[in-house]
Amino acid sequence: MSRNPFEDDDDLFAEDPFGDSHTASARQNNSSARVLVDDDHDAVPLHSVRRSEDAGGFLSGVGLGGGRAGSYTPVGADTDAHTGSLKRGVFNDSNSGLTKSSGGGFAQDDRETELRQREEALAAREQELRAREAHVQMMASGARPPLNFPPLYPIMYHAIDVEVPTGDRSTVRTIFYLWLALEAMLVFNCVACLVVMISGPADVSNSGASFGSSFVYLFTISAGSFFLWYRPVYNAYMKDSSMFFYFFFIFNGFHILFDAYMAVGVPGAGSAGIIIMLQCLSSNKKAAGALCGISFSLWILHLLASLFMYRKVRTHYTARGHTFSEAKQQAYQGFAQSSAGQTAVTTAAGAYMRSNTGNFV
């Protein structure tokens, strides 16, 4: 016969002949546990209470609503009802209302940043295309763009970002920087030769001739390097012309030899190279020797950089499929279309007609 769980607990002491209060308390706890087990079908499940709190149920009305730290979470509440897998990777921030990823960043902010960068890139690309289109229309209409180079006395139009294709601009700009470095090195070389001439080392011969030649280099080498190898490579990338590529290969090759020549420093040749440096140091002219050493180092660095760019342009030329026969054909066409070529053709044709008619006047 089952015992009534609601009967008076005072009988517990009657069942214990020794009247042990600890035993009675243990039996009382067991009795309470049986109450919970026997009445489990009438109890409200704890996970239902939790869901009621989260939804703003009856407990939330008395200030015991969900979201408290340390509240009880039933087993299985963090699993998906359909797949049974744990809900990981994404959670909601009730304060900001933004969705966070497990990495800690805001996915929405990342998307906005990416879209903003794309918009900026598209705007820059659109501006570039408009500039190129305006330049092409200007050239097609016969109008010449305003002269802008050199800045102090412009005699030509020079704009890498407008005339050179996008993929080749870094190469042309690097070669342009090499040309500017050459100008600075020529000035430094002239100053070094001047210091050597003033210091008057006994072991250095023809120091005056070296300074005079270095001063002439400021004008001749500057103009020759620009028109013989920089401007041809600029036009080669702009027009994709084999003829201009060959001009660059020929004259830039001579320029590389000139760098080596200046690094050597032949006395009286206008260069403050390694030979002049050794002669100055042997005469205990340390300041002049230091300047010559710096000049020597600069010429070697410029030589290596020029070799690297020469090889890069050669690789581009080969990849584009240009040939020497194509370069000759473009040279013939260019000469025929030039004013000098047309004058020569007209003169030759007139001489031929006069020879056939016998009129040599």
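Read on for a plain summary of the structure. In this text the structure is predicted, and so the values were computed from the model without any measurement. (Residues numbered from 1 in each chain as written. Predicted model: local features only at pLDDT ≥ 70, side-chain atom pairs only at ≥ 80, totals over all residues. Heavy atoms only, no water.)

It is worth spelling out the overall build of the chain at this point. Along the chain, the regular secondary structure elements total twelve helices and two strands. The long-range fraction of contacts in the chain, counting pairs at least 24 apart against all pairs at least 6 apart in sequence, stands at 58%. Summing over all exposed atoms, the chain offers an accessible surface of approximately 23300 Å²; the carbon and sulfur share of this is 61%. (Helix = DSSP H or I, 4+ residues; strand = E, 2+ residues; numbered from the N terminus. Contact = heavy atoms within 4.5 Å. Areas by Shrake-Rupley, 256 points an atom, 1.4 Å probe, with all protein chains shown as cover.)

Counting across every chain of the model gives three salt bridges. Between Arg173 and Asp161 there is a salt bridge whose closest N-O contact spans 2.4 Å. With Arg173 in helix 6 (residues 169-199) and Asp161 in helix 5 (residues 160-163), this pair connects stretches of sequence that are twelve residues apart. Residue Arg320 is joined to Asp240 by a salt bridge in which the shortest nitrogen-to-oxygen separation is 2.5 Å. Taken together, the positions of Arg320 in the loop between helix 10 (286-319) and helix 11 (324-337) and Asp240 in the loop between helix 7 (207-239) and helix 8 (242-264) put the pair 80 residues apart, joining distant regions of the chain. Residue classification places Arg320 among the partly exposed residues on the basis of a relative accessible area of 48%. On the accessibility criterion, Asp240 (28% relative accessible area) is partly exposed. (Salt bridge = Lys/Arg side-chain N within 4 Å of Asp/Glu carboxyl O. Buried < 20%, exposed > 50% of the residue type's maximum accessible area, 1.4 Å probe, protein only.)

This model, assessed by the stated rule, comprises 25 aromatic pairs. Here the aromatic rings of Phe176 and Tyr230 are separated by 5.4 Å at their centres, their planes lie at 45°, and the arrangement is tilted. Taken as a pair, Phe176 in helix 6 and Tyr230 in helix 7 lie far apart in primary sequence, 54 residues in all. Both residues of the pair, Phe176 and Tyr230, count as buried. (Phe/Tyr/Trp six-rings, centres within 6.5 Å; stacked < 30°, edge-to-face > 60°.)

Here we take up the side chain of Arg231. As for its placement among the helices and strands, Arg231 is situated in helix 7. One buried charged side chain, Arg231, makes no salt bridge at all; its nearest oppositely charged neighbour is Glu163, positioned 4.9 Å away. Within the structure, Arg231 has its side chain in polar contact with the backbone oxygen of Tyr157 (distance 3.3 Å). In contact with Arg231, other than residues within four places in its own chain, are Met156, Tyr157, His158 and Phe226. (Lys, Arg positive; Asp, Glu negative; His and termini not counted. Polar contact = N/O pair within 3.5 Å; in protein donor to acceptor, adjacent residues only side chain to side chain.)

So, on to the packing of helix 6 against helix 7. Running from N to C, helix 6 and helix 7 cross one another at 175°; their axes reach a closest spacing of 8 Å. Taken together, the axes of helix 6 and helix 7 lie roughly antiparallel to each other. Classifying every residue of the contact of helix 6 with helix 7 gives 23 nonpolar, eight polar and one charged. (Axes fitted to C-alpha atoms, helices over the stretch in contact; angles between N-to-C directions. Parallel < 35°, antiparallel > 145°, perpendicular 65-115°, else oblique. Nonpolar A, V, L, I, M, F, W, Y, C, P; charged D, E, K, R; others polar.)

With that out of the way, let us pick up the nonpolar core. Grouped together as the largest cluster of nonpolar side chains are 32 residues, with contacts concentrated most on Ile175, Tyr230, Trp299 and Val313. Listed by contribution, the elements that provide at least two residues to this core are helix 6, helix 7, helix 8 and helix 10. Once you skip the residues sitting within four places of it in the chain, Val313 turns out to touch Thr171, Ile175, Val233, Tyr237, Phe245, Phe248 and Phe249. (Core = buried A, V, L, I, M, F, W, Y, C linked by side-chain atoms within 4.5 Å.)

Under the criterion given, the structure shown has one cavity of 30 Å³ or more. Estimated volume of the largest cavity: approximately 40 Å³. Every residue lining the largest cavity is listed: Cys193, Val196, Val204, Ser207, Ser210, Ser271, Ala272 and Ile276. For the lining of the largest cavity, the secondary structure elements donating two or more residues are helix 6 and helix 7. Class assignment of the residues belonging to the lining of the largest cavity gives a composition of five nonpolar, three polar and no charged. (1 Å grid on protein atoms, 1.4 Å probe; cavity = no way out; pocket = protein on both sides within 12 Å on 5 of 7 lines; lining within 4 Å. Points joined across faces, edges and corners; volume = space filled by probe spheres on them.)

Time to look at the environment of Gly293. Summarising the element assignment, Gly293 is placed in helix 10. You can call Gly293 buried: its relative accessible area is 13%.

Next up on the list: unusual backbone geometry. Cis geometry is found at the peptide bond from Phe149 to Pro150, where omega equals -10°. Relative to the elements of secondary structure, Pro150 occurs in the loop between helix 4 (107-140) and helix 5. A positive phi angle is found at Asn206, which is not glycine, with a value near 60°. In this structure, Asn206 sits in the loop between helix 6 and helix 7.

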